Amino acid sequence: MGQVDEKIEGMYQEVLKRNPGETEFHQAVLEVLESLGPVVAKHPEFLERKIIQRICEPERQIIFRVPWQNDKGEVQINRGFRVEFNSALGPYKGGLRFHPSVYLGIIKFLGFEQCFKNSLTGLPIGGGKGGSDFDPKGKTDDEVMRFCQSFMTELYRHIGEHTDVPAGDIGVGGREIGYMFGQYKRITNRYEPGVLTGKGLTWGGSLVRTEATGYGATFFVNEMLKARKDSFDGKICTVSGSGNVAIYTIEKITQLGGKCVACSDSNGVIYDEKGLDLDLIKQLKEVERRRIQDYTATHKHAKYIAKGNIWEIPCQVAMPSATQNEINGKDAATLVKNGCIAVGEGANMPTTPEGVKVFLDARIAYGPGKAANAGGVATSALEMQQNAGRDSWTFEYTEKKLEDIMINIHSNCYETAEEYGAPGNYVLGANICGFIKIANAMVAHGLV
Ligand code: GLU
(Lines give C-alpha, C1' and ligand atoms only; values in the text may rest on other atoms or scores of the structure.)
Protein backbone atom coordinates (compact mmCIF):
# COMPACT_ATOMS: atom_id res chain seq x y z
CA MET A 1 0.00 0.00 0.00
CA GLY A 2 1.00 3.63 0.10
CA GLN A 3 2.98 5.22 2.86
CA VAL A 4 2.03 7.27 5.85
CA ASP A 5 2.93 10.94 5.46
CA GLU A 6 5.75 11.99 7.79
CA LYS A 7 3.42 14.43 9.58
CA ILE A 8 1.09 11.53 10.37
CA GLU A 9 3.56 8.70 11.05
CA GLY A 10 3.98 9.66 14.73
CA MET A 11 0.20 9.52 15.20
CA TYR A 12 0.14 5.96 13.89
CA GLN A 13 2.98 4.97 16.23
CA GLU A 14 0.97 6.44 19.09
CA VAL A 15 -2.08 4.34 18.09
CA LEU A 16 0.10 1.21 18.14
CA LYS A 17 1.42 2.09 21.59
CA ARG A 18 -1.93 3.03 23.09
CA ASN A 19 -3.80 -0.01 21.77
CA PRO A 20 -1.44 -2.97 22.16
CA GLY A 21 -2.40 -6.27 20.57
CA GLU A 22 -5.39 -4.89 18.67
CA THR A 23 -4.08 -5.88 15.23
CA GLU A 24 -7.31 -5.45 13.26
CA PHE A 25 -7.74 -1.96 14.71
CA HIS A 26 -4.15 -1.09 13.74
CA GLN A 27 -4.82 -2.36 10.21
CA ALA A 28 -7.98 -0.27 9.81
CA VAL A 29 -6.29 2.87 11.16
CA LEU A 30 -3.20 2.47 8.97
CA GLU A 31 -5.31 2.08 5.84
CA VAL A 32 -7.06 5.39 6.51
CA LEU A 33 -3.96 7.31 7.66
CA GLU A 34 -2.11 6.31 4.48
CA SER A 35 -4.69 8.30 2.51
CA LEU A 36 -4.57 11.47 4.59
CA GLY A 37 -1.21 13.03 3.67
CA PRO A 38 -2.62 15.25 0.91
CA VAL A 39 -5.57 16.22 3.11
CA VAL A 40 -3.51 17.65 5.96
CA ALA A 41 -1.32 19.44 3.41
CA LYS A 42 -4.46 21.29 2.26
CA HIS A 43 -6.00 21.66 5.72
CA PRO A 44 -3.40 22.65 8.34
CA GLU A 45 -6.30 23.32 10.75
CA PHE A 46 -6.86 19.55 11.02
CA LEU A 47 -3.30 19.14 12.31
CA GLU A 48 -3.60 22.11 14.68
CA ARG A 49 -6.84 20.81 16.15
CA LYS A 50 -5.35 17.28 16.38
CA ILE A 51 -8.32 15.89 14.48
CA ILE A 52 -6.58 12.66 13.45
CA GLN A 53 -5.46 11.85 17.00
CA ARG A 54 -8.99 12.56 18.25
CA ILE A 55 -10.65 10.44 15.55
CA CYS A 56 -8.40 7.49 16.48
CA GLU A 57 -9.50 7.65 20.12
CA PRO A 58 -13.08 6.41 20.70
CA GLU A 59 -15.29 8.86 22.58
CA ARG A 60 -16.41 6.10 24.95
CA GLN A 61 -15.79 2.36 25.35
CA ILE A 62 -18.07 0.13 27.38
CA ILE A 63 -17.08 -3.43 28.34
CA PHE A 64 -19.42 -5.52 30.46
CA ARG A 65 -20.14 -8.98 31.81
CA VAL A 66 -23.02 -10.90 30.23
CA PRO A 67 -24.12 -13.77 32.50
CA TRP A 68 -26.80 -16.17 31.23
CA GLN A 69 -27.95 -19.76 31.63
CA ASN A 70 -28.03 -22.42 28.93
CA ASP A 71 -30.89 -24.90 28.52
CA LYS A 72 -29.28 -27.24 31.07
CA GLY A 73 -29.32 -24.45 33.63
CA GLU A 74 -25.53 -24.09 33.55
CA VAL A 75 -24.15 -20.59 34.13
CA GLN A 76 -22.35 -19.04 31.15
CA ILE A 77 -20.29 -15.85 31.08
CA ASN A 78 -19.59 -13.78 27.99
CA ARG A 79 -18.12 -10.36 27.47
CA GLY A 80 -20.14 -7.53 25.92
CA PHE A 81 -18.80 -4.43 24.16
CA ARG A 82 -20.08 -1.14 22.84
CA VAL A 83 -17.52 1.29 21.45
CA GLU A 84 -19.03 4.72 20.84
CA PHE A 85 -16.46 6.01 18.40
CA ASN A 86 -17.50 9.35 17.00
CA SER A 87 -20.64 11.47 17.28
CA ALA A 88 -19.61 14.48 15.15
CA LEU A 89 -22.21 13.72 12.46
CA GLY A 90 -25.03 12.19 14.51
CA PRO A 91 -25.83 9.62 17.19
CA TYR A 92 -23.44 6.66 17.28
CA LYS A 93 -24.66 4.12 14.74
CA GLY A 94 -23.44 0.65 13.93
CA GLY A 95 -24.11 -3.01 14.38
CA LEU A 96 -23.59 -5.62 17.06
CA ARG A 97 -21.51 -8.69 16.23
CA PHE A 98 -21.93 -11.97 18.12
CA HIS A 99 -19.03 -14.25 17.24
CA PRO A 100 -16.41 -16.14 19.28
CA SER A 101 -13.61 -14.13 17.61
CA VAL A 102 -14.94 -10.86 19.06
CA TYR A 103 -12.59 -8.92 21.35
CA LEU A 104 -11.95 -5.20 21.79
CA GLY A 105 -9.63 -5.00 18.73
CA ILE A 106 -12.35 -6.32 16.39
CA ILE A 107 -15.02 -3.98 17.76
CA LYS A 108 -12.64 -1.01 17.49
CA PHE A 109 -11.69 -1.78 13.89
CA LEU A 110 -15.37 -2.06 13.01
CA GLY A 111 -16.27 1.09 14.94
CA PHE A 112 -13.47 3.06 13.32
CA GLU A 113 -14.50 1.96 9.80
CA GLN A 114 -18.11 2.69 10.64
CA CYS A 115 -17.38 6.39 11.23
CA PHE A 116 -16.12 6.89 7.66
CA LYS A 117 -18.74 4.61 6.13
CA ASN A 118 -21.55 6.46 7.87
CA SER A 119 -20.08 9.79 6.83
CA LEU A 120 -20.03 8.60 3.20
CA THR A 121 -23.77 7.85 3.28
CA GLY A 122 -24.42 11.59 3.61
CA LEU A 123 -26.93 10.84 6.40
CA PRO A 124 -26.78 12.21 9.96
CA ILE A 125 -25.16 9.27 11.74
CA GLY A 126 -22.00 8.98 13.84
CA GLY A 127 -20.01 5.77 14.23
CA GLY A 128 -20.08 2.97 16.80
CA LYS A 129 -19.98 -0.79 17.05
CA GLY A 130 -20.57 -3.46 19.63
CA GLY A 131 -21.00 -7.12 20.21
CA SER A 132 -19.94 -10.11 22.21
CA ASP A 133 -17.77 -13.21 22.07
CA PHE A 134 -21.01 -15.22 22.39
CA ASP A 135 -21.19 -17.97 19.75
CA PRO A 136 -24.74 -18.36 18.42
CA LYS A 137 -23.79 -21.52 16.50
CA GLY A 138 -25.63 -24.54 17.87
CA LYS A 139 -27.59 -22.52 20.45
CA THR A 140 -31.34 -22.94 20.78
CA ASP A 141 -33.77 -20.04 20.31
CA ASP A 142 -34.30 -19.95 24.07
CA GLU A 143 -30.57 -19.73 24.75
CA VAL A 144 -30.19 -16.93 22.22
CA MET A 145 -33.14 -15.13 23.85
CA ARG A 146 -31.69 -15.39 27.35
CA PHE A 147 -28.33 -14.18 26.12
CA CYS A 148 -29.87 -11.20 24.27
CA GLN A 149 -31.93 -10.26 27.33
CA SER A 150 -28.89 -10.30 29.57
CA PHE A 151 -26.86 -8.33 27.02
CA MET A 152 -29.57 -5.65 26.79
CA THR A 153 -29.96 -5.50 30.58
CA GLU A 154 -26.63 -3.67 30.60
CA LEU A 155 -26.66 -2.06 27.14
CA TYR A 156 -30.03 -0.31 27.54
CA ARG A 157 -28.57 2.44 29.77
CA HIS A 158 -26.09 3.48 27.07
CA ILE A 159 -28.33 3.64 23.99
CA GLY A 160 -31.25 5.72 22.73
CA GLU A 161 -32.73 7.29 19.63
CA HIS A 162 -30.56 10.41 20.02
CA THR A 163 -27.56 8.74 21.65
CA ASP A 164 -26.57 5.43 20.13
CA VAL A 165 -28.56 3.19 17.80
CA PRO A 166 -27.30 -0.41 17.45
CA ALA A 167 -28.31 -2.86 14.70
CA GLY A 168 -27.18 -6.25 13.40
CA ASP A 169 -23.89 -7.59 12.08
CA ILE A 170 -22.45 -11.13 11.98
CA GLY A 171 -24.53 -13.36 14.31
CA VAL A 172 -27.16 -10.68 14.92
CA GLY A 173 -30.23 -10.65 12.67
CA GLY A 174 -33.97 -10.15 13.00
CA ARG A 175 -34.36 -12.76 15.75
CA GLU A 176 -31.72 -11.20 18.01
CA ILE A 177 -32.89 -7.62 17.36
CA GLY A 178 -36.41 -8.76 18.34
CA TYR A 179 -35.27 -10.22 21.67
CA MET A 180 -33.17 -7.13 22.43
CA PHE A 181 -35.98 -4.74 21.51
CA GLY A 182 -38.39 -6.65 23.75
CA GLN A 183 -36.02 -6.43 26.69
CA TYR A 184 -35.31 -2.73 26.09
CA LYS A 185 -39.04 -2.00 26.03
CA ARG A 186 -39.61 -3.99 29.20
CA ILE A 187 -36.81 -2.36 31.18
CA THR A 188 -37.49 1.21 30.09
CA ASN A 189 -41.29 1.00 29.78
CA ARG A 190 -40.95 2.86 26.48
CA TYR A 191 -41.97 1.79 22.99
CA GLU A 192 -39.08 3.51 21.30
CA PRO A 193 -38.53 2.01 17.82
CA GLY A 194 -35.73 4.47 17.02
CA VAL A 195 -33.39 2.80 19.53
CA LEU A 196 -32.49 -0.17 17.29
CA THR A 197 -32.61 -0.80 13.55
CA GLY A 198 -33.13 -4.01 11.63
CA LYS A 199 -36.48 -4.47 13.40
CA GLY A 200 -39.31 -6.71 12.19
CA LEU A 201 -41.66 -5.18 9.64
CA THR A 202 -44.72 -5.16 11.93
CA TRP A 203 -42.97 -3.36 14.78
CA GLY A 204 -41.07 -0.48 13.25
CA GLY A 205 -38.72 -2.14 10.77
CA SER A 206 -38.10 -0.88 7.27
CA LEU A 207 -38.65 -2.69 4.02
CA VAL A 208 -35.36 -3.28 2.18
CA ARG A 209 -33.27 -3.25 5.41
CA THR A 210 -32.79 -7.02 5.14
CA GLU A 211 -31.64 -6.77 1.53
CA ALA A 212 -29.81 -3.47 1.89
CA THR A 213 -26.16 -4.40 2.43
CA GLY A 214 -26.10 -6.93 -0.42
CA TYR A 215 -28.21 -4.84 -2.79
CA GLY A 216 -26.17 -1.74 -1.98
CA ALA A 217 -22.81 -3.48 -2.57
CA THR A 218 -24.08 -4.72 -5.92
CA PHE A 219 -25.33 -1.24 -6.88
CA PHE A 220 -21.87 0.08 -6.01
CA VAL A 221 -20.12 -2.50 -8.22
CA ASN A 222 -22.62 -1.73 -10.97
CA GLU A 223 -21.54 1.92 -10.80
CA MET A 224 -17.85 0.95 -10.92
CA LEU A 225 -18.57 -1.18 -13.98
CA LYS A 226 -20.57 1.65 -15.60
CA ALA A 227 -17.65 4.02 -15.03
CA ARG A 228 -15.64 1.56 -17.15
CA LYS A 229 -18.37 1.34 -19.78
CA ASP A 230 -19.20 -2.18 -18.64
CA SER A 231 -22.07 -3.93 -16.84
CA PHE A 232 -23.00 -7.08 -14.89
CA ASP A 233 -24.56 -8.59 -17.98
CA GLY A 234 -23.23 -12.13 -18.45
CA LYS A 235 -20.51 -11.77 -15.81
CA ILE A 236 -19.46 -14.82 -13.81
CA CYS A 237 -19.48 -13.85 -10.12
CA THR A 238 -18.41 -15.43 -6.83
CA VAL A 239 -19.77 -14.30 -3.48
CA SER A 240 -18.16 -15.53 -0.28
CA GLY A 241 -20.34 -16.21 2.72
CA SER A 242 -23.97 -17.32 2.75
CA GLY A 243 -25.43 -15.02 5.37
CA ASN A 244 -27.64 -12.02 4.90
CA VAL A 245 -25.11 -9.96 2.92
CA ALA A 246 -24.16 -12.80 0.55
CA ILE A 247 -27.76 -13.87 -0.10
CA TYR A 248 -28.95 -10.43 -1.20
CA THR A 249 -25.78 -9.80 -3.17
CA ILE A 250 -26.49 -12.95 -5.16
CA GLU A 251 -30.11 -11.85 -5.62
CA LYS A 252 -29.24 -8.40 -6.97
CA ILE A 253 -26.39 -9.64 -9.19
CA THR A 254 -28.82 -12.11 -10.75
CA GLN A 255 -31.41 -9.36 -11.29
CA LEU A 256 -28.76 -7.27 -13.04
CA GLY A 257 -27.86 -10.10 -15.44
CA GLY A 258 -24.81 -11.62 -13.72
CA LYS A 259 -24.37 -15.29 -12.87
CA CYS A 260 -23.24 -16.32 -9.38
CA VAL A 261 -21.52 -19.67 -9.38
CA ALA A 262 -20.12 -19.95 -5.87
CA CYS A 263 -20.75 -19.06 -2.23
CA SER A 264 -19.39 -20.44 1.05
CA ASP A 265 -19.54 -20.76 4.81
CA SER A 266 -16.81 -21.26 7.38
CA ASN A 267 -16.74 -25.02 6.59
CA GLY A 268 -16.51 -25.00 2.81
CA VAL A 269 -17.47 -23.77 -0.65
CA ILE A 270 -20.39 -24.56 -2.97
CA TYR A 271 -19.62 -24.39 -6.68
CA ASP A 272 -22.62 -24.60 -9.01
CA GLU A 273 -21.64 -24.08 -12.61
CA LYS A 274 -25.31 -23.69 -13.64
CA GLY A 275 -25.71 -20.70 -11.33
CA LEU A 276 -26.63 -20.83 -7.64
CA ASP A 277 -30.20 -21.76 -6.66
CA LEU A 278 -30.98 -18.83 -4.39
CA ASP A 279 -34.34 -20.14 -3.16
CA LEU A 280 -32.60 -23.22 -1.83
CA ILE A 281 -29.86 -21.15 -0.16
CA LYS A 282 -32.50 -18.96 1.50
CA GLN A 283 -34.38 -22.03 2.72
CA LEU A 284 -31.20 -23.62 4.13
CA LYS A 285 -29.74 -20.51 5.73
CA GLU A 286 -32.65 -18.21 6.61
CA VAL A 287 -35.33 -20.74 7.51
CA GLU A 288 -33.56 -23.92 8.62
CA ARG A 289 -30.24 -22.40 9.83
CA ARG A 290 -28.27 -25.24 8.24
CA ARG A 291 -24.81 -25.48 6.69
CA ILE A 292 -24.23 -24.71 3.01
CA GLN A 293 -22.94 -28.27 2.44
CA ASP A 294 -26.59 -29.44 2.42
CA TYR A 295 -27.04 -27.68 -0.95
CA THR A 296 -25.64 -30.76 -2.67
CA ALA A 297 -28.24 -33.07 -1.08
CA THR A 298 -30.80 -31.93 -3.67
CA HIS A 299 -28.41 -30.45 -6.27
CA LYS A 300 -26.15 -33.38 -7.07
CA HIS A 301 -24.47 -31.60 -9.98
CA ALA A 302 -23.03 -28.94 -7.65
CA LYS A 303 -19.68 -29.43 -5.96
CA TYR A 304 -19.01 -29.01 -2.26
CA ILE A 305 -15.37 -28.27 -1.54
CA ALA A 306 -14.72 -28.86 2.15
CA LYS A 307 -12.28 -26.25 3.55
CA GLY A 308 -12.04 -24.92 -0.03
CA ASN A 309 -10.83 -21.50 -1.10
CA ILE A 310 -13.55 -19.69 -3.05
CA TRP A 311 -11.04 -17.25 -4.58
CA GLU A 312 -9.49 -20.06 -6.62
CA ILE A 313 -12.70 -20.30 -8.65
CA PRO A 314 -12.31 -18.14 -11.78
CA CYS A 315 -14.70 -15.18 -11.89
CA GLN A 316 -14.98 -11.72 -13.39
CA VAL A 317 -16.58 -10.13 -10.33
CA ALA A 318 -15.76 -11.15 -6.75
CA MET A 319 -17.84 -9.96 -3.81
CA PRO A 320 -16.31 -10.93 -0.45
CA SER A 321 -19.28 -10.98 1.91
CA ALA A 322 -18.13 -13.13 4.82
CA THR A 323 -15.64 -11.53 7.22
CA GLN A 324 -12.41 -9.58 7.76
CA ASN A 325 -9.14 -10.61 6.08
CA GLU A 326 -10.68 -13.36 3.95
CA ILE A 327 -8.67 -12.34 0.83
CA ASN A 328 -4.89 -12.32 1.29
CA GLY A 329 -2.22 -11.21 -1.18
CA LYS A 330 -2.05 -14.64 -2.79
CA ASP A 331 -5.84 -14.89 -3.19
CA ALA A 332 -5.93 -11.42 -4.74
CA ALA A 333 -3.20 -12.40 -7.21
CA THR A 334 -5.13 -15.57 -8.11
CA LEU A 335 -8.31 -13.56 -8.72
CA VAL A 336 -6.53 -11.07 -10.97
CA LYS A 337 -4.69 -13.83 -12.85
CA ASN A 338 -8.02 -15.61 -13.48
CA GLY A 339 -9.54 -12.53 -15.09
CA CYS A 340 -11.32 -10.77 -12.20
CA ILE A 341 -12.04 -7.15 -13.19
CA ALA A 342 -14.08 -5.96 -10.21
CA VAL A 343 -14.15 -6.58 -6.45
CA GLY A 344 -16.90 -5.15 -4.24
CA GLU A 345 -16.61 -5.67 -0.50
CA GLY A 346 -19.88 -6.60 1.20
CA ALA A 347 -17.96 -7.56 4.34
CA ASN A 348 -15.96 -5.16 6.51
CA MET A 349 -12.21 -5.12 5.68
CA PRO A 350 -12.28 -8.53 3.92
CA THR A 351 -9.02 -7.86 2.05
CA THR A 352 -5.62 -7.77 3.77
CA PRO A 353 -3.30 -4.81 3.02
CA GLU A 354 -1.26 -7.09 0.70
CA GLY A 355 -4.43 -8.03 -1.17
CA VAL A 356 -5.52 -4.39 -1.50
CA LYS A 357 -2.12 -3.56 -3.00
CA VAL A 358 -2.52 -6.32 -5.60
CA PHE A 359 -5.95 -4.97 -6.65
CA LEU A 360 -4.77 -1.35 -6.81
CA ASP A 361 -1.60 -2.24 -8.74
CA ALA A 362 -3.65 -4.30 -11.21
CA ARG A 363 -5.98 -1.29 -11.60
CA ILE A 364 -9.09 -3.42 -11.42
CA ALA A 365 -12.28 -1.81 -10.07
CA TYR A 366 -11.86 -2.27 -6.32
CA GLY A 367 -14.63 -1.00 -4.04
CA PRO A 368 -13.54 -1.04 -0.37
CA GLY A 369 -16.09 -2.06 2.25
CA LYS A 370 -16.57 1.34 3.84
CA ALA A 371 -17.93 2.59 0.52
CA ALA A 372 -19.35 -0.56 -1.08
CA ASN A 373 -21.21 -1.95 1.94
CA ALA A 374 -22.56 1.36 3.27
CA GLY A 375 -26.03 0.49 1.96
CA GLY A 376 -26.85 -1.51 5.10
CA VAL A 377 -26.30 1.28 7.55
CA ALA A 378 -27.74 3.83 5.10
CA THR A 379 -31.00 1.90 5.09
CA SER A 380 -30.82 1.77 8.89
CA ALA A 381 -30.77 5.57 8.77
CA LEU A 382 -33.82 5.42 6.49
CA GLU A 383 -35.47 3.16 9.10
CA MET A 384 -34.71 5.84 11.72
CA GLN A 385 -36.31 8.47 9.47
CA GLN A 386 -39.45 6.37 9.12
CA ASN A 387 -39.56 5.76 12.90
CA ALA A 388 -39.17 9.48 13.62
CA GLY A 389 -42.04 10.26 11.24
CA ARG A 390 -44.14 7.28 12.43
CA ASP A 391 -44.22 6.31 8.78
CA SER A 392 -43.42 3.31 6.62
CA TRP A 393 -42.37 3.53 3.02
CA THR A 394 -42.94 1.11 0.15
CA PHE A 395 -40.30 -1.33 -1.03
CA GLU A 396 -39.86 0.47 -4.36
CA TYR A 397 -39.48 3.91 -2.78
CA THR A 398 -36.98 2.66 -0.19
CA GLU A 399 -34.95 0.67 -2.72
CA LYS A 400 -34.76 3.70 -5.00
CA LYS A 401 -33.46 5.79 -2.10
CA LEU A 402 -30.84 3.12 -1.38
CA GLU A 403 -29.79 3.02 -5.02
CA ASP A 404 -29.48 6.83 -5.15
CA ILE A 405 -27.36 6.79 -1.99
CA MET A 406 -25.00 4.17 -3.49
CA ILE A 407 -24.74 6.09 -6.77
CA ASN A 408 -23.88 9.18 -4.75
CA ILE A 409 -21.25 7.41 -2.65
CA HIS A 410 -19.69 6.05 -5.83
CA SER A 411 -19.51 9.43 -7.54
CA ASN A 412 -18.16 11.15 -4.39
CA CYS A 413 -15.38 8.55 -4.03
CA TYR A 414 -14.65 8.62 -7.75
CA GLU A 415 -14.44 12.41 -7.91
CA THR A 416 -12.42 12.71 -4.71
CA ALA A 417 -9.87 10.20 -6.08
CA GLU A 418 -9.56 12.30 -9.26
CA GLU A 419 -9.27 15.54 -7.29
CA TYR A 420 -6.42 14.09 -5.22
CA GLY A 421 -4.56 12.79 -8.27
CA ALA A 422 -5.36 9.08 -7.93
CA PRO A 423 -8.05 8.38 -10.54
CA GLY A 424 -9.85 5.06 -10.06
CA ASN A 425 -8.52 4.61 -6.52
CA TYR A 426 -11.71 4.18 -4.48
CA VAL A 427 -9.70 3.45 -1.31
CA LEU A 428 -8.22 6.94 -1.34
CA GLY A 429 -11.51 8.47 -2.49
CA ALA A 430 -13.55 6.82 0.27
CA ASN A 431 -11.06 7.54 3.05
CA ILE A 432 -10.61 11.20 2.16
CA CYS A 433 -14.25 11.90 1.44
CA GLY A 434 -15.42 10.17 4.64
CA PHE A 435 -12.75 11.84 6.74
CA ILE A 436 -13.19 15.46 5.60
CA LYS A 437 -16.84 15.61 6.56
CA ILE A 438 -16.19 14.31 10.07
CA ALA A 439 -13.13 16.54 10.46
CA ASN A 440 -15.03 19.70 9.47
CA ALA A 441 -17.81 18.90 11.93
CA MET A 442 -15.26 18.29 14.70
CA VAL A 443 -13.56 21.61 14.02
CA ALA A 444 -16.96 23.33 14.15
CA HIS A 445 -17.85 21.68 17.48
CA GLY A 446 -14.68 22.89 19.21
CA LEU A 447 -12.55 20.81 21.53
CA VAL A 448 -14.96 18.15 22.75
N1 GLU B 1 -23.36 -3.92 10.65
C2 GLU B 1 -23.66 -3.17 9.46
C3 GLU B 1 -22.42 -2.45 8.99
O4 GLU B 1 -21.34 -3.00 9.08
C5 GLU B 1 -24.89 -2.29 9.61
C6 GLU B 1 -24.89 -1.36 10.76
C7 GLU B 1 -26.22 -0.63 10.98
O8 GLU B 1 -27.18 -0.87 10.25
O9 GLU B 1 -26.25 0.19 11.90
O10 GLU B 1 -22.44 -1.37 8.48
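Everything that follows concerns the structure shown earlier in this document.
The present account deals with the structure reproduced in this document. Residue positions are given per chain, counting from 1 as you read along its sequence in written order. At least 70 in pLDDT is required for a residue's local features to be given in this predicted model, at least 80 for side-chain atom pairs to be given and counted, and no such filter applies to totals for whole chains, interfaces and linings, which use all residues. Note that the side-chain values use all heavy atoms of the structure and ignore hydrogens as well as water.

As for the overall build of the protein chain
Helix and strand definitions follow DSSP, with helices as H or I runs of at least four residues and strands as E runs of at least two, each counted in order from the N terminus. Looking only at helices and strands, one finds 18 helices and 12 strands in the protein chain. When we talk radius of gyration, it's over C-alpha atoms, and the globule rule is simply 2.2 Å times the number of residues to the 0.38. Its C-alpha atoms give the protein chain a radius of gyration of 21 Å, within 12% of the compact-globule value 22 Å for 448 residues. Summarising its shape, the C-alpha atoms of the protein chain cover approximately 60 × 55 × 45 Å along the three principal directions. Whether two residues are in contact is decided by their heavy atoms: any pair within 4.5 Å suffices. When contacts within the protein chain are restricted to residue pairs at least 6 apart in sequence, those whose partners lie at least 24 apart make up 72%. The Shrake-Rupley method, run with a 1.4 Å probe, gives the accessible areas here. Residue values count only the displayed protein chains as cover. For the protein chain, the exposed surface amounts to about 18,000 Å²; the carbon and sulfur share of it is 50%. When charges are counted, neither His nor the chain ends are considered; positive counts come from Lys and Arg and negative counts from Asp and Glu. Every charge is mapped to an atom, namely NZ of Lys, CZ of Arg, CG of Asp or CD of Glu. Across the protein chain, the mean location of the 51 positive side-chain charges is 2 Å away from that of the 55 negative side-chain charges.

Describing the environment of G111
If you trace the backbone, G111 turns up in helix α6 (residues 104-120). Sequence separation between G111 and N86 is 25 residues, and the spatial gap between their C-alpha atoms is 8.6 Å. Beyond its immediate chain neighbours, meaning those up to four positions away, G111 contacts F85, G127, G128 and K129.

Side note on the sheet that holds strand β3 (residues 92-98)
Two strands are said to pair when DSSP picks up at least two bridges between them. Sheet architecture is open: 5 strands sit in the order β1-β2-β4-β3-β5, paired in mixed fashion. Of all strands in the sheet, those bounded by a partner on one side alone are β1 (60-69) and β5 (164-167). On average, each strand axis in the sheet is inclined to that of its neighbour by 20°, with strand direction left out of account. As defined by bridge partners, β3 adjoins β5 across 4 bridges and the pair is classed as parallel. Within the sheet, the bridge partner assigned to K93 lies in β5 and is V165. All axes are obtained by fitting lines to C-alpha atoms, using only the stretch in contact for helices, and the reported angles, taken between N-to-C directions, cover 0 to 180 degrees.

Here we look at helix α13 (residues 329-337)
Taken together, the buried positions of α13 are G329, D331, A332, T334 and L335. Close packing links the buried residues of α13 with β10 (317-319) and α14 (353-362). In this structure N328 caps α13, since a side-chain oxygen of it lies 3.0 Å from the backbone nitrogen of K330. Taken from the residues just after α13, G339 is the one with a positive phi, measuring 100°. Think of it in three bands: with a 1.4 Å probe and only protein chains considered, a residue is buried below 20% of the maximum accessible area for its type, exposed above 50%, and partly exposed in between. Two N or O atoms form a polar contact when they lie within 3.5 Å of each other; inside protein one atom must be a possible hydrogen donor and the other a possible acceptor, and for residues adjacent in sequence the pair counts only when both atoms belong to side chains.

Remarks on the state of the cysteines
Two cysteine sulfurs form what is called a disulfide whenever their separation falls within 2.5 Å. Counted by the stated rule, this structure contains 0 disulfides. We note that C115 lacks a disulfide partner, and the nearest cysteine sulfur, in C56, lies 9.8 Å from it. Looking at C263, it has no disulfide partner, and the nearest cysteine sulfur is the one in C260, 8.8 Å off.

What to know about the sheet that holds strand β9 (residues 303-306)
Taking strand neighbours across the sheet as the criterion, the 7 strands line up as β9-β8-β7-β6-β10-β11-β12 in an open arrangement whose pairing is mixed. The sheet is open, and its two edges are formed by β9 and β12 (365-367), each paired on a single side. For this sheet, the mean inter-axis angle between neighbouring strands, taken without regard to orientation, is 15°.

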